[in-house]
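Coordinate inspection notes
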Amino acid sequence: PLLRGNATTFSFSTVLTEAGLHPFHIVHTTTGIEIQNSPFHVQINAAPPSAPHSGHNMNPADGAASRTIVSSSSLPLPLQVFPFDAFGNPLPGASGFAVTVEGLSTASDGETRLTKQNSFTSTLTIPKDFDATLMVTFTLDDDPIGNGEPVKIVVVPPVPPKVNVALIAGVASAVFAV
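Residues numbered from 1 in each chain as written. Predicted model: local features only at pLDDT ≥ 70, side-chain atom pairs only at ≥ 80, totals over all residues. Heavy atoms only, no water.

Check the secondary structure of the protein and you find 0 helices and 13 strands. By the burial criterion, 25% of the 178 residues in the protein qualify as buried. Across the protein, contacts joining residues at least 24 apart in sequence account for 59% of those joining residues at least 6 apart. Accessible surface, the protein as shown: approximately 12,100 Å² in total, 55% of it carbon and sulfur. (Helix = DSSP H or I, 4+ residues; strand = E, 2+ residues; numbered from the N terminus. Buried < 20%, exposed > 50% of the residue type's maximum accessible area, 1.4 Å probe, protein only. Contact = heavy atoms within 4.5 Å. Areas by Shrake-Rupley, 256 points an atom, 1.4 Å probe, with all protein chains shown as cover.)

Written out as structure tokens, the structure is:
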């Protein structure tokens, strides 16, 4: 404590990275007297969105270079981002996120803004029997999010069903007694 006239001044420092309301309880170390109104609360707000700390739902399986999707019917494919700040705080009201799809068709290629209003989700419909490679890029203000790499999605048509043909060969014979 620092003495200033008849008042004692306390100083403390801490580093808080988790957004929310944090209580502080301050007690004089020598006398054990609490400062008036202790505990008191400090509101910590989340930092701005961070591209490297945000994520999306299209990450390939561990170690894979791409995801493979079978286009057996018109397949709705949700593309979603999960906005976070640099300290891992979720940002439900963030803005500036987008997803860009290349390789589907001229009409469907392009950028879609992902906002709080659409739950940071866009749904891409993969046509039945589609066969192509899509490149999907998730961005925050034009900076790639997550690991920064576009996601390669290999879309393949379904394997035609196997036709089992069984030939039954045999000789029929009959003996008639007269």
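On we go from here.
Take the side chain of H56 next. Following the sequence through the fold, H56 ends up in strand β5 (residues 55-56). Within polar-contact distance, the side chain of H56 engages the backbone nitrogen of M58 at 3.2 Å. Every residue in contact with H56, bar those within four places of it in the chain, is listed here: Q80, V81, F82, F138, I145 and V151. (Polar contact = N/O pair within 3.5 Å; in protein donor to acceptor, adjacent residues only side chain to side chain.)

Counting 26 residues, the largest nonpolar core has L79, F138 and I153 as its most contacted members. Elements represented by at least two residues in this core include exactly β7 (75-82), β8 (97-102), β10 (121-126), β11 (132-140) and β13 (151-156). Considering every element that reaches this core, the biggest residue donor is β11, with 5 residues. Beyond its immediate sequence surroundings of up to four residues, L79 is in contact with N57, M58, V99, V101, L114, F120, T121, S122, L124, V136 and F138. (Core = buried A, V, L, I, M, F, W, Y, C linked by side-chain atoms within 4.5 Å.)

With that settled, the discussion passes to unusual backbone geometry. In this model, D141 sits at a positive phi of 50 degrees, which is unusual for a non-glycine residue. Following the sequence through the fold, D141 ends up in the loop between β11 and β12 (143-144). The backbone of D142 shows a phi angle near 75 degrees, a positive value even though the residue is not glycine. Position of D142 among the secondary structure elements: in the loop between β11 and β12.

Moving on: the packing of aromatic side chains. The geometry of an aromatic ring pair is captured by the separation of the ring centres together with the interplanar angle, meaning the angle of the planes. Evaluation of the coordinates by the stated rule reveals 2 aromatic pairs. The interplanar angle of 25 degrees and the centroid separation of 5.9 Å between the aromatic rings of F24 and F40 together place this pair among those described as stacked. Of this pair, F24 sits in strand β3 (residues 20-24) while F40 sits in strand β4 (residues 40-44), placing them 16 residues apart in sequence. Among the residues examined, F40 registers a relative accessible area of 27% and is labelled partly exposed. Residues F97 and F120 carry aromatic rings whose centres are separated by 6.0 Å and whose planes lie at 85 degrees to one another, so their mutual orientation is edge-to-face. In this pair, F97 sits in strand β8 while F120 sits in the loop between β9 (110-114) and β10, placing the two residues 23 residues apart along the sequence. (Phe/Tyr/Trp six-rings, centres within 6.5 Å; stacked < 30°, edge-to-face > 60°.)

Time to look at the side chain of S122. Among the structural elements, S122 can be located in strand β10. Among the residues examined, S122 registers a relative accessible area of 14% and is labelled buried.

With 5 of 6 residues buried, β8 lies mostly within the body of the structure. As paired strands, β8 and β9 are joined by 5 bridges and run antiparallel to one another. The partner of F97 across the bridge, within β9, is L114. (Pairing = 2+ DSSP bridges.)

All right, on to the environment of F82 then. Turning to its location among the elements, F82 is positioned in strand β7. Residue class for F82 comes out partly exposed when judged on its relative accessible area of 32%. When the C-alpha positions of F82 and A94 are compared, they lie 9.8 Å apart, and in sequence the two are 12 residues distant. Contacts of F82, omitting those with residues within four sequence positions, involve S54, G55, H56 and N57.

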